[in-house]
Amino acid sequence: MDESATNNNDTVISIKDLKKSFDTNIVLNGIDIDILKGENLAVLGRSGSGKSVLIKIISGLLKPDSGTVKVLGQEVDKLRGKALQALRLKIGFSFQSSALYDSMTVRENLAFPLVRNKRNLKTKEVNEAIESVLNDVDLLQTINQMPAELSGGQRKRIGIARTLIMKPEIMLYDEPTSGLDPLTCIDINTLIVKVQQQYNASSIIITHDLTCAKATADKVTMIVDGRFLTPGSFNEIFNEKNTNAKSFYDYNFINDK
Amino acid sequence: MESEIPVTSTPEKFLLSKKADSFFRDIYNVYIFILQYFKELFSVPFEWKELINQCYQVGYRSLPLISLTGFITGTVFTKQSRPSLSEFGATSWLPSLISIAIIRALAPLVTALIAAGKVGSNMGAELGSMKVTEQIDAMEVSGTNPFKYLVVTRITAITLMLPILVIYTALIGMLGSYLNIHQNELTSFPAFISSAFKTISFLDISASVFKAVCYGFTIGVAGCYQGYYAQNGTKGVGTAANVAVVLSMFMIFVEEMVIVQVVNAFR
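Residues numbered from 1 in each chain as written. Chains lettered and ligands numbered in written order. Predicted model: local features only at pLDDT ≥ 70, side-chain atom pairs only at ≥ 80, totals over all residues.

What exactly am I supposed to notice about the overall build of chain A here?
The helix and strand inventory of chain A stands at ten helices and ten strands. Relative to the 2.2 N^0.38 estimate, which gives 18 Å for 257 residues, the radius of gyration of chain A is 18 Å and therefore close to what a compact globule would have. Dimensions of chain A, computed from the C-alpha atoms along their principal axes, are close to 55 × 45 × 35 Å. Within chain A, the proportion of its 257 residues that are buried is 40%. (Helix = DSSP H or I, 4+ residues; strand = E, 2+ residues; numbered from the N terminus. Rg over C-alpha atoms; globule rule 2.2 N^0.38 Å. Buried ≥ 20, exposed ≤ 12 C-beta atoms within 10 Å, placed from the backbone.)

Okay, here's the thing in structure tokens:
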């Protein structure tokens, strides 16, 4: 194993030979990747190919069967309790379903991680932080609304805002554009790029949407049979003579043919 | 080894049978769940604010339902008991009979069954819904311990609140009983109280409070366990709420039987 790559200061996520299976179903079968600071990686793949499992392992929600996952220099599956909690504060996770707390208003949703993890903050500072991230996602007007009153796109953006309030170094997006209309998808893509530029955060974007991958990612890869295709730029990946990547491209950009 | 498995069985291997293995696995998981509860209960930081909120939800919000059912229980039990006692000219024993029945058995049981239906199902459904919509995962990745915040506070709240609700139910039931006795036998309030509490011992009251603590803990564990580990989307939420209620009620009756035997040994 090349230790120098793992210990490189610019590498924020380093995954080596990651394997994960559920009963007899092998989902990840030797994933290797290094993600640099400020870099966006889009991970494509068919449903059930293990894309979401990958980011759940990175955030410590699932344990790998074997292999190492280092996030900001720490092996995630070896961390417990407060150490894991501290690392998680540096990771933002945008869920596919947005996962907003439906018994709380938008303000309370955003305040929840902040007041619980930074207990010495004054109410004024909390309110300023909430208003600042809501401005970043252009949804300040929804501050007193309940999640049930928001559209799908608004919920996604509030979900992203809830992670941004902790100023994460790494963002994990699980299907950020799924179920949204094309114009809202453009808004979300713009927001992902804005987060990269404004917060200098590295991101992993799990998606089926090639437009999203093209608009947001510096590097693109695809999970095929539990392994990554060699990561590259959008054009490099889809110039490969790989039938899996080709069929994905043809489906998404069928009008280009 | 493969040849030992009957041709019709699934490829999986079980120690006893699929259902028996699953049953014992569930019991073990509940045991681990309870151990984790006690571990998190005594570790800092304490979730005081959420605990108070849950006590309010469990206690104060249950008062109207508990009041109504407690009052009806006391009144109906008095009305039903009167004919039997009047045959022996013993209606003056009504307050004693009613107080023993309400304090020893009816108040803890009625309150616990109502709490199982109202609070247990609510816990199962609420946590189940949070589980299947990834809200619990979201809480975990945002640096909050969801077990401590959601489970420990709920189980503790109902364990603390149920004894108070049981005492309240007993008092309301006695009030219903008094009004009925006063209407029929013209018994004064002091005479009713004197007669009712003459037969009640400290053991009766402490046993009822102890029962309420056990029932509250059972309802909390059943509701939270089912909700926290809910699976299979909205169907799983319904199942969690349903199983939480059925399991709580079943366990309440089992505990009632055991505790009565133990208390009678001390009587």
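It is not clear to me how the overall build of chain B should be interpreted in this structure. Could you clarify?
Scanning chain B from N- to C-terminus turns up nine helices and zero strands. Across chain B, helices and strands are ordered from the amino to the carboxyl terminus as α-α-α-α-α-α-α-α-α. With the C-alpha coordinates aligned to their principal axes, the bounding extent of chain B is approximately 75 × 50 × 35 Å. Per-residue burial for chain B yields a buried fraction of 42% across its 267 residues. For chain B, contacts bridging at least 24 residues in sequence account for 87% of all contacts bridging at least 6. (Contact = placed C-beta atoms within 7 Å.)

Explain the sheet that holds strand E6 (residues 91-94) of chain A to me, please; I cannot follow it from the model alone.
The strands that make up a sheet pair up through hydrogen bonds in the backbone, lying either parallel or antiparallel. Residues and elements named next belong to chain A. Taken together, the six strands give an open sheet; going across it, the order is E6-E7-E8-E3-E9-E10, and neighbouring strands pair in mixed fashion. Every interior strand has two partners, whereas the edge strands, E6 and strand E10 (227-228), have only one. Sheet topology note: the E6/strand E7 (residues 170-174) ladder contains four bridges and is parallel. Following the sheet pairing, Phe93 is matched in E7 by Leu172. Against the sheet, helix H6 (residues 152-164) makes contact with E6 and E7, and its axis sits at roughly 170 degrees relative to E6, the strand it touches most. (Pairing = 2+ DSSP bridges. Axes fitted to C-alpha atoms, helices over the stretch in contact; angles between N-to-C directions.)

Would you take a moment to explain unusual backbone geometry for this structure?
The omega torsion of the bond from Val44 of chain B to Pro45 of chain B falls at -5 degrees, within 30 degrees of zero and hence cis. Along the chain, Pro45 of chain B turns up in the loop between helix H1 (18-41) and helix H2 (48-58). Phi at Leu72 of chain A takes a positive value of approximately 50 degrees, unusual for a residue other than glycine. Backbone geometry places Asp138 of chain A, a non-glycine residue, at a positive phi of 55 degrees. With respect to the helices and strands, Asp138 of chain A occurs in the loop between helix H5 (123-136) and H6.

Got a minute to help me understand helix H9 (residues 233-266) of chain B in this structure?
Turn by turn, an α-helix covers 3.6 residues, leaving residues three or four places apart pointing in a common direction. All names here are of chain B. The terminal C-alpha atoms of H9, which comprises 34 residues, lie 49 Å apart, in line with the 50 Å expected from a rise of 1.5 Å per residue. Val237, Ala240, Ala241, Val243, Ala244, Val245, Leu247, Ser248 and Ile252 are the residues of H9 that are buried. Elements in contact with the buried residues of H9: helix H4 (94-132) and helix H8 (202-228). (Expected span 1.5 Å × (residues − 1).)

Would you mind showing me how to read the interface of chain B and chain A here?
A common way to state how big an interface is: give the accessible area lost once the parts meet. Across the contact, ten residues belong to chain B and 14 residues belong to chain A. Tallied by class, the residues present in the side of chain B that touches chain A amount to two nonpolar, five polar and three charged. (Nonpolar A, V, L, I, M, F, W, Y, C, P; charged D, E, K, R; others polar.)

I keep staring at the pairing of strand E1 (residues 11-22) of chain A and nothing clicks. Help me out?
Consecutive side chains along a regular strand alternate between the two faces of the sheet. All names here are of chain A. Relative to strand E2 (residues 25-36), E1 runs antiparallel, the two sharing nine bridges. Note that in E2 the partner of Ser14 across the bridge is Asp34. Between E1 and E2, which follow one another and run antiparallel, lie two residues, and Asp23 among them has a positive phi close to 55 degrees.

Even after reading the chapter, I still don't get the packing of H4 of chain B against H8 of chain B, so can you show me in this structure?
Any two packed helices are characterised by the angle at which their axes cross and by the distance between the axes. All names here are of chain B. Between H4 and H8, the least distance of the axes is 8 Å, while the angle of their chain directions is 20 degrees. By the angle between their directions, the pair H4 and H8 is classed as roughly parallel. Of the two elements, H4 crosses H8, and the hand of that crossing is right-handed. Looking at side-chain class alone, the contact of H4 with H8 contains 17 nonpolar, seven polar and five charged residues. (Parallel < 35°, antiparallel > 145°, perpendicular 65-115°, else oblique. Left-handed = near helix turned anticlockwise from the far one by under 90°.)

Would you take a moment to explain the nonpolar core for this structure?
It is characteristic of soluble globular proteins that their nonpolar side chains tend to be buried jointly. With 126 residues, the main nonpolar core has Val43, Ile58, Ala161, Leu172 and Ile205 of chain A together with Ile158 and Leu162 of chain B as its most contacted residues. Examining the composition of this core, we find that 18 residues originate from one element, H4 of chain B, more than from any other. Residue contacts for Ile58 of chain A: discarding those within four places in its chain leaves Ile13, Val69, Val71, Val76 and Leu172 of chain A. (Core = buried A, V, L, I, M, F, W, Y, C linked by C-beta atoms within 7 Å.)

Can you walk me through the confidence of the model for chain B in this structure?
Parts of the prediction with low pLDDT should not have their coordinates interpreted in detail. All names here are of chain B. Here chain B averages 91 in pLDDT, and 96% of its residues register 70 or above. With pLDDT under 50 throughout, residues 1-10 is counted as low confidence; its partners more than four residues away or in other chains account for one contact. Here the predicted complex carries an ipTM of 0.86, next to a pTM of 0.86. (pLDDT = per-residue confidence, 0-100.)

Before we go on, may I ask you to explain the sheet that holds E1 of chain A in this structure?
The four strands are arranged E2-E1-E4-E5 (chain A) in an open sheet whose pairing can be described as antiparallel. Only two strands of the sheet have a single partner each, and these edge strands are E2 and strand E5 (74-75) of chain A.

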